[in-house]
Amino acid sequence: MTIPSKNHFKVRSNSPEATCKTACDLVTNLSTPHAIFFKGDVGAGKTFFCKCIGKYYGINNINSASYSMVSFSEGIINVIHCDFFRNTPNPNFFYEEIEPLLKMPWIAMIEWGDSSIWDLDCPKLEIEIDLVKDSSRDLIFRQIS
């Protein structure tokens, strides 16, 4: 999947396998550095999508906020995963906890984060995941300026 030139598009996924393929297709064409912000209800599939991206890069330690607010995996691409479901970070959290992890090349995946408070000088993408029914999801992609 190539990100279309328009700022907004939607993909319907009818299975976990299709969702994972969409995630892999996305990162194949994603430049680094890049920040991806995830929106959606509890259980919509945000962490699953992040796990698929992680697996693409050979990373298997991405978990929900039940375990950690931030995880960092160093590799060919450095992956920062943030899940703020249980805790909203204070204003200094970015500078104290995230900024030191931004080692090139990197991708940051932020669940439950507000893109307007992140001081990131890179392209930003928002992915909203809406549960349609059973295994079907609408994946809505928006470029953020």
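Starting from 1, residues in each chain are numbered consecutively following that chain's sequence as written. A pLDDT threshold of at least 70 governs which residues receive local features in this predicted model, and a stricter bar of 80 or more applies before side-chain atom pairs are shown or counted, although totals over entire chains, interfaces and linings include all residues. Where side-chain values are given, they derive from all heavy atoms of the structure, hydrogens and water being excluded.

Caption draft 1: A look at the overall build of the protein chain. What counts as a helix is a DSSP run of H or I of at least four residues, what counts as a strand is a run of E of at least two, and both are numbered from the N terminus. Within the protein chain, the regular secondary structure consists of three helices and seven strands. Helices and strands in the protein chain line up, N terminus first, as β-α-β-α-β-β-α-β-β-β. Atoms counted for the radius of gyration: C-alpha only. Globule rule: 2.2 Å times the number of residues to the power 0.38. Whereas a compact globule of 145 residues would reach a radius of gyration of roughly 15 Å, the protein chain reaches 14 Å, a difference of no more than 12%. Across its three principal directions, the C-alpha atoms of the protein chain cover 40 × 30 × 30 Å. Each residue's exposure class comes from its accessible area (1.4 Å probe, protein chains only) as a fraction of the maximum for that residue type: buried when under 20%, exposed when over 50%, partly exposed otherwise. Split into buried and exposed, the 145 residues of the protein chain put 46% on the buried side. Counting contacts in the protein chain only where the partners sit at least 6 residues apart, residues at least 24 apart contribute 65% of the total. On the protein chain, roughly 7600 Å² of surface is accessible, and the fraction owed to carbon and sulfur atoms is 48%. For the protein chain, the distance from the average position of its 14 positive side-chain charges to the average position of its 17 negative side-chain charges is 8 Å. The contact criterion used is simple: two residues touch if any of their non-hydrogen atoms lie within 4.5 Å. Using a 1.4 Å probe, the Shrake-Rupley method yields the accessible areas, and only the shown protein chains count as cover for residues. Residues counted as positive are Lys and Arg, residues counted as negative are Asp and Glu, and His and the chain ends are not counted. Just so you know, the charge point we use is NZ for Lys, CZ for Arg, CG for Asp and CD for Glu.

Caption draft 2: Just unusual backbone geometry, in detail. Looking along the chain, the bond that leaves Thr-32 and enters Pro-33 is cis, with omega of 0°. Here the bond from Met-104 into Pro-105 is cis, since omega is -15°, no more than 30 degrees from zero. Residue placement: Pro-105 occurs in the loop between α3 (93–98) and β5 (106–111). Backbone geometry places Trp-112, a non-glycine residue, at a positive phi of 65°. Structurally, the position occupied by Trp-112 is in the loop between β5 and β6 (124–133). Backbone geometry places Asp-134, a non-glycine residue, at a positive phi of 45°. By the secondary structure assignment, Asp-134 is in the loop between β6 and β7 (136–144).

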